[in-house]
Amino acid sequence: MVKTCLKWWRTEIGERTLQDISPSILAECRDRLLQARYSDHKFASKKKPRKKSPATVIRYMAALSHVFSVAANEWEWIDSNPMLKVKKPALPQPRVRFLDDDERKRLIEACQKSDCSYLYPVVVIALSTGARYSEIMHLRWRDIDLERGIARLEKTKNQDRRALPLAHHALELVKALREKQKDAAKTDYVFARADGLAPMEIRKHWYKAMEDAELEDFRFHDLRHSAASYLAMNGATLAEIAEVLGHKTLQMVKRYAHLSDQHTAKVVERMNKSIFKD
């Protein structure tokens, strides 16, 4: 991703030196990027190419901003980072799409009927832990403690280690996989491909399951939103949800706050009963 961002900036900026790049030039590049269309996106078509989202543009800006910061602070090639003066595009309201009870039932049934034996346990783990797709697919047996029901994630999106709790049905499925793989070819990946050298690619099976379940406007990452939403509706605080999902701040989980309203109301009711009992 970073290489792609920097390659685009180099094409747009041309042969200018660092000293010649002004905030106004960067702002023009930002605007062109916001209007850029590309047809190679997995959800795009030739008749309807997609634009890069504001979030993608911000990532492009962040990549170049880091280059300028190093050039200014460590190498002293320039006096300051010009990207700090360039306004970032506004982000839309954060997406909150989660499965209702009927959708979850249809998806589970479709995954159970899939030709891919890994799809069902992967989806169950995603729904029960809120883990990301890459975190689940790169799980290794050496990082899983079946006795304690814990999977250690050594590499996450935030570059932090975190423990992934495996409980109830998810833990049962992982134990069943361990039994099946005891006599199979040796591999450390929980969801290994045939040669055992890397995780299996299950995306085409996921898309087929979504089609069979008749789900609309749903992505694998929305399983993470679903897990967080279920936690909120079952009384988990925002701090607890952030801990489970691996967020460093509460900002990312505030989108689930409205789902905790009923739980919050019960807390206030208990407090009122306690202090006004007389």
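Now for a quick tour of the structure.

What about helix H4 (residues 101-112)?
- With twelve residues, H4 extends 17 Å from end C-alpha to end C-alpha; this agrees with the ideal 16 Å at 1.5 Å per step.
- Taken as a whole, H4 has its buried residues at Glu103, Leu107, Ile108, Ala110 and Cys111. In a view along the axis of H4, the buried residues occupy a sector of 165°, so they form one face of it. The outward face of H4, more than 90 degrees from its buried face, is lined by the exposed residues Asp101 and Lys105.
- Where H4 is buried, its residues meet helix H5 (119-129), helix H8 (203-212) and helix H9 (222-233).
- If you check the start of H4, you find a side-chain oxygen 3.1 Å away from the backbone N of Asp102, and it comes from Asp100.

Observations concerning unusual backbone geometry
- Backbone geometry at Glu76 places phi at a positive 55°, although glycine is not the residue there.
- Summarising the element assignment, Glu76 is placed in the loop between helix H3 (54-73) and H4.
- By relative accessible area, Glu76 is classed as exposed at 65%.
- The backbone of Asp217 sits at a positive phi, close to 50°, despite the residue not being glycine.
- Mapping Asp217 onto the fold places it in the loop between H8 and H9.

A word on the sheet that holds strand S4 (residues 150-153)
- In space, the three strands of this open sheet follow the order S3-S4-S5, with antiparallel pairing throughout. If you trace the sheet from one side to the other, it starts and ends with strand S3 (144-145) and strand S5 (162-165), each paired once.
- Here four bridges tie S4 to S5, and the two strands are oriented antiparallel to one another. Its bridge partner lying in S5, Ile150 is registered against Pro165.

Quick word on H5
- Of all the eleven residues making up H5, ten are buried; the element is thus mostly covered by neighbouring parts of the structure.
- Restricting attention to buried positions, one finds in H5 the residues Leu119, Tyr120, Pro121, Val122, Val123, Val124, Ile125, Ala126, Leu127 and Thr129.
- One or two steps after H5, the chain reaches Gly130, where phi turns positive at roughly 75°.

Looking at the pattern of salt bridges
- Under the criterion given, the structure shown has 14 salt bridges.
- For Asp31, the salt bridge identified is with Arg30, shortest N-O distance 3.0 Å.
- In this structure Arg30 comes out as buried when scored by relative accessible area, which is 15%.
- Among the charged side chains, a salt-bridge network with shared partners connects Arg132, Glu135 and Arg162.

So, the side chain of His205
- Position of His205 relative to the elements: it lies in helix H8.
- Leaving out residues up to four positions away in the same chain, His205 has contacts with Ser114, Cys116, Leu119 and Met200.

Considerations on the nonpolar core
- The biggest cluster of nonpolar side chains holds 43 residues, and the ones touching the most others in it are Leu107, Val123, Phe191, Trp206 and Leu223.
- Among the secondary structure elements, those contributing two or more residues to this core are H4, H5, helix H6 (133-137), S4, helix H7 (168-181), H8 and H9.
- With eight residues, the single largest contributor to this core is H5.
- Those residues within four positions of Val123 in sequence are excluded, and the remaining contacts are Leu107, Ile108, Cys111, Trp206, Phe220 and Leu223.
- Within the second largest apolar cluster, 21 residues are counted, among which are Cys29, Met61, Ala72 and Ile78.

Things to note about the pairing of S4
- Bridge analysis of S3 against S4 gives two bridges, and the strand direction is antiparallel. If you follow Ile144 over to S4, its bridge partner there is Ala151.
- Taken together, S3 and the strand that follows it, S4, pair antiparallel across an intervening segment of four residues, in which Gly149 is found at a positive phi of about 70°.

What counts and how
Residues numbered from 1 in each chain as written. Predicted model: local features only at pLDDT ≥ 70, side-chain atom pairs only at ≥ 80, totals over all residues. Heavy atoms only, no water. Helix = DSSP H or I, 4+ residues; strand = E, 2+ residues; numbered from the N terminus. Expected span 1.5 Å × (residues − 1). Buried < 20%, exposed > 50% of the residue type's maximum accessible area, 1.4 Å probe, protein only. Arc of directions from axis to C-beta. Contact = heavy atoms within 4.5 Å. Polar contact = N/O pair within 3.5 Å; in protein donor to acceptor, adjacent residues only side chain to side chain. Pairing = 2+ DSSP bridges. Salt bridge = Lys/Arg side-chain N within 4 Å of Asp/Glu carboxyl O. Core = buried A, V, L, I, M, F, W, Y, C linked by side-chain atoms within 4.5 Å.

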